[in-house]
Amino acid sequence: MSERYSYILSETDEIYHIRELLKRRLHFSSRLLRQLKKQDCVFLDGTPVWLRDKGKAGQTLTVTMPKETSHFEPEPIPIDVIFEDEDIMVVNKQPGLVVHPTKGHPCHTIANGIMSHMLEKGDCYKIRFVNRLDMDTSGILLIGKNSHAQDNLAKQMAESGFVSGKPDETDRNRRTVEKKYVAIVKGMPEEEEGTIDLPIGKPVDDQLQRAVIPDGSPSVTHYRVLERYPKGKTGYALVELMLETGRTHQIRVHLSHIGYPIVGDHLYGEDAVYLIERQALHAAELSFLHPATKKRVTFRAPLPEDMKNLIRRLESRER
């Protein structure tokens, strides 16, 4: 029996029903408790118990996650798995694919590829995406493999400002999630580093495009210039970006608004197929607390080949 979700009862725990202990000590959600109630997933010293039961000091309360599965059509799409255990999967997403099926993209998605990967390994879990990336953005995708992992990670995202809004100073001190991206932009920022603190929203409700608007949602992006490619008619820069909020298209909107659109971004800049066939944006690093171990974990995804090739082309212009 897995010990990932276990707790040794103390004398003060003897007054609580198992249901309350799971909430207080293991921080399980009400939704998960309803699932546990339907299956023999909760044990005291290895013996199945009801959620209405009580335990004694010294007993070990252990939970196995309910069995679930996804119903995406499996497709032989390559999945670059950076890390995987019983609770989470971290994937380095390739550009050109949407994350999960939509009306416009009913198949050939990352979810279809993960379904195939899961079946090949003989695993069974529900695929729960914790973060999202645009179709033409590459990099780190985080998947929760059970409802507790998803709930825990979603809560961390919210407390870090990636769901509910811009964190205040108190939130900044306890934020657990950090996101870093790398982009290649057209033009060269005057400063080596800076912060873009501008609200983002939809200027027209039915449009995909976002913009900086006065009544938009608080949005904060920090940037740092890593390299400059100054020769030629137009300069370019390799920029590292750290998000403090997680608005749709946030990086693309912010960089375009201050005059440095991402190379190849047809929505907020212009196509540059002679350099790269998509926006040169990559989710390079993600850090958070593991939902089971509570230890900080950091995952990194190397630059994809098309962005490396773009850098080589920009560097060759300087010779």
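So, a few notes on the structure that sits alongside this text. (Residues numbered from 1 in each chain as written. Predicted model: local features only at pLDDT ≥ 70, side-chain atom pairs only at ≥ 80, totals over all residues. Heavy atoms only, no water.)

## Digging into the overall build of the protein
Spelled out, the test is: Strands are runs of DSSP state E lasting at least 2 residues, helices are runs of H or I lasting at least 4, and numbering of each runs from the N terminus. Burial classes: relative accessible area under 20% of the type maximum marks a residue as buried, over 50% as exposed, and values in between as partly exposed (1.4 Å probe, protein chains only). The contact criterion used is simple: two residues touch if any of their non-hydrogen atoms lie within 4.5 Å. Using a 1.4 Å probe, accessible areas were evaluated by the Shrake-Rupley method; residue-level cover was limited to the displayed protein chains. When charges are counted, neither His nor the chain ends are considered; positive counts come from Lys and Arg and negative counts from Asp and Glu. Charge coordinates come from a single atom per side chain, which is NZ of Lys, CZ of Arg, CG of Asp or CD of Glu.
Within the protein, the secondary structure is distributed over seven helices and 16 strands. Its C-alpha atoms put the protein at 75 × 45 × 40 Å along the principal axes. Counting all 319 residues of the protein, 48% fall into the buried class. In the protein, the proportion of contacts linking residues at least 24 apart, taken out of those at least 6 apart, comes to 64%. Total accessible area on the protein stands at roughly 16100 Å², and carbon and sulfur atoms take up 49% of it. Charged side chains of the protein number 46 positive and 46 negative; the gap between the two group centres comes to 3 Å.

## What about the packing of helix H2 (residues 30-38) against helix H4 (residues 147-159)?
Describing two packed helices takes the angle between their axes plus the distance from one axis to the other. The condition is simple: Lines fitted to the C-alpha atoms define the axes, with helices restricted to the stretch that makes contact. Angles between their N-to-C directions range from 0 to 180 degrees. Angles below 35 degrees are treated as roughly parallel, those above 145 as roughly antiparallel, those between 65 and 115 as roughly perpendicular, and all remaining angles as oblique. Each residue receives one of three labels: charged for Asp, Glu, Lys and Arg, nonpolar for Ala, Val, Leu, Ile, Met, Phe, Trp, Tyr, Cys and Pro, and polar for the others, Gly being one of them.
Running from N to C, H2 and H4 point in directions that differ by 175 degrees, and their axes come no closer than 10 Å. The orientation of H2 with respect to H4, classified from their angle, is roughly antiparallel. Of the residues in H4, those in contact with Arg31, Leu32 and Gln35 of H2 are Ser147, His148, Gln150 and Asp151. A breakdown of the residues in the contact of H2 with H4 according to their chemical character gives one nonpolar, four polar and two charged.

## Describing the pairing of strand S15 (residues 281-289)
Our working rule: Note on pairing: DSSP must find at least two bridges between two strands before they are called paired.
S15 sits mainly inside the fold: eight of its nine residues count as buried. Relative to S15, strand S8 (residues 138-144) runs parallel, the two being bridged by two bridges. Across the sheet, residue Gly139 finds its bridge partner in S15, namely Ala283. Two strands pair when backbone bridges link them, and strand S9 (residues 178-186) and S15 are joined in this way by six bridges, in the antiparallel orientation. Residue pairing across strands places Val182 opposite His282, the latter belonging to S15. In the sheet, S15 pairs with strand S16 (residues 296-300) via five bridges, with the strands oriented antiparallel. Following the sheet pairing, Leu289 is matched in S16 by Arg296. If you look at the hairpin formed by S15 and S16, you'll find six residues sitting between the two strands, and Lys294 has a positive phi there, around 65 degrees.

As far as function goes, none of this settles anything; it's purely spatial.
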